[in-house]
Amino acid sequence: MEQRQSGLRRAACRHVRHLESRAALHPAEQRQGSEATAGGWQGLEVREKGSQPDMSYIVRPWTARDLKDVMRLIKESAAFHKALDQVRITPEVLQADAFEKEATFGCLVAEVPPEHKSKEGHTIVGYQFHYLSYCTWDGPILFGEDLYVLPEFRGRGIGTSLLNKVAKIALERNCFQFRFVSAKWNQAATDFFSKLGAVNVTSQNYWNVLHVDGEHVWKLAEEARRSHPK
C-alpha cells in the first residue's frame, strides 16, 4: 500500500494538472528571469536579474491581519476581469468564514519587506485562494479559485511561487488533481499554465462549466420543499 501511495504521489507530481486559473498574469510572468532560493528574508528569496534591485518575498498562509489586503486584491482581480460589480463578499463575511469557524478554504499571500513595498505602500502583493473538492473519477482535488499578483510585481516569479506552494498543499492533502478556471480572453495566462503542464479540458474534452446562481438556487430549493414537505 505504501509503495502504491508513493507511486500515486509521483504521478500526481507529474500531473498536477487542469490548471485553468482565473489569473491576472502579465506575459512577463512567463519569463523566468529570477532565481529562487531558500532562506533570505524569513522564507523564499528571489533575486531579480538585470537592472532591478534585489528583491525578496515570502509566500505564506494568510492570517486575520491580512484580511484587508486580501479584500483589496480580490477587488483588483475582479476589476482586471471587468467584473468588479459582481463582487458581493464583504470583509465581515470573509472574516467570519475564514477565522470565526472552521474554514472550508485556504489562502496564500505573497509578501515583500517594507523596503520593497508597492507604489501605494502595500507589502502584500499577491494571493491565491483554494479549497478542497472531490471528483468521482479521481478522488480528492484542490480547486484554485483566484491567483493575482500586482502588476508592478509581475515577472519576478511570484505567481509561479504561489502555484508551487499550492501544488505542495494539494499533494499533502492527497489530491491528485489541481483545477482552475481561466478567462478565455486571457491568453497570456492560458499559455503560462500550459507550460506548467495544464490541460485545457474545455477545448480538449468539450466540458462546459455551469453554475446556478441567486434566485435560481432559491427556486430549486423551494421546489424541493414543496415536493417533500416536513
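Some details on the layout of surface pockets
So, point 1. Roughly 300 Å³ of volume is contained in the second largest pocket.
So, point 2. In this structure, the second largest pocket is lined by 15 residues; those nearest its centre are Phe105, Gly106, Cys107, His130 and Arg173.
So, point 3. Mapped by element, the contributors of at least two residues to the lining of the second largest pocket are strand S5 (106–111) and strand S6 (124–135).
So, point 4. Residue composition of the lining of the second largest pocket, grouped by class: eleven nonpolar, three polar and one charged.

Brief notes about the pairing of S6
So, point 1. Both S5 and S6 contribute to a ladder of six bridges, which runs antiparallel. Its bridge partner being in S6, Gly106 is matched across the sheet by His130.
So, point 2. Counting the residues between successive antiparallel strands, the hairpin from S6 to strand S7 (residues 139–149) contains three residues.

Some thoughts on the confidence of the model for the protein
Predicted coordinates in regions of low pLDDT should not be interpreted in detail.
So, point 1. Mean pLDDT for the protein: 77, with 76% of residues reaching 70 or above.
So, point 2. When the elements of the protein are averaged for pLDDT, strand S2 (residues 34–39) gives the smallest value, 28, and S5 the largest, 95.
So, point 3. Of the regions scoring below 50 in pLDDT, residues 1–52 engages in 132 contacts with residues more than four places distant in sequence or in other chains.

What about the environment of Trp185?
So, point 1. Counting through the fold element by element, Trp185 comes out in the loop between strand S8 (178–180) and helix H5 (187–195).
So, point 2. Residue class for Trp185 comes out partly exposed when judged on its relative accessible area of 49%.
So, point 3. When the C-alpha positions of Trp185 and His81 are compared, they lie 9.6 Å apart, and in sequence the two are 104 residues distant.
So, point 4. Those residues in contact with Trp185 that sit more than four places away from it in its chain are Phe80 and His81.

So, how was this worked out
- Residues numbered from 1 in each chain as written.
- Predicted model: local features only at pLDDT ≥ 70, side-chain atom pairs only at ≥ 80, totals over all residues.
- Heavy atoms only, no water.
- 1 Å grid on protein atoms, 1.4 Å probe; cavity = no way out; pocket = protein on both sides within 12 Å on 5 of 7 lines; lining within 4 Å.
- Points joined across faces, edges and corners; volume = space filled by probe spheres on them.
- Helix = DSSP H or I, 4+ residues; strand = E, 2+ residues; numbered from the N terminus.
- Nonpolar A, V, L, I, M, F, W, Y, C, P; charged D, E, K, R; others polar.
- Pairing = 2+ DSSP bridges.
- pLDDT = per-residue confidence, 0-100.
- Contact = heavy atoms within 4.5 Å.
- Buried < 20%, exposed > 50% of the residue type's maximum accessible area, 1.4 Å probe, protein only.

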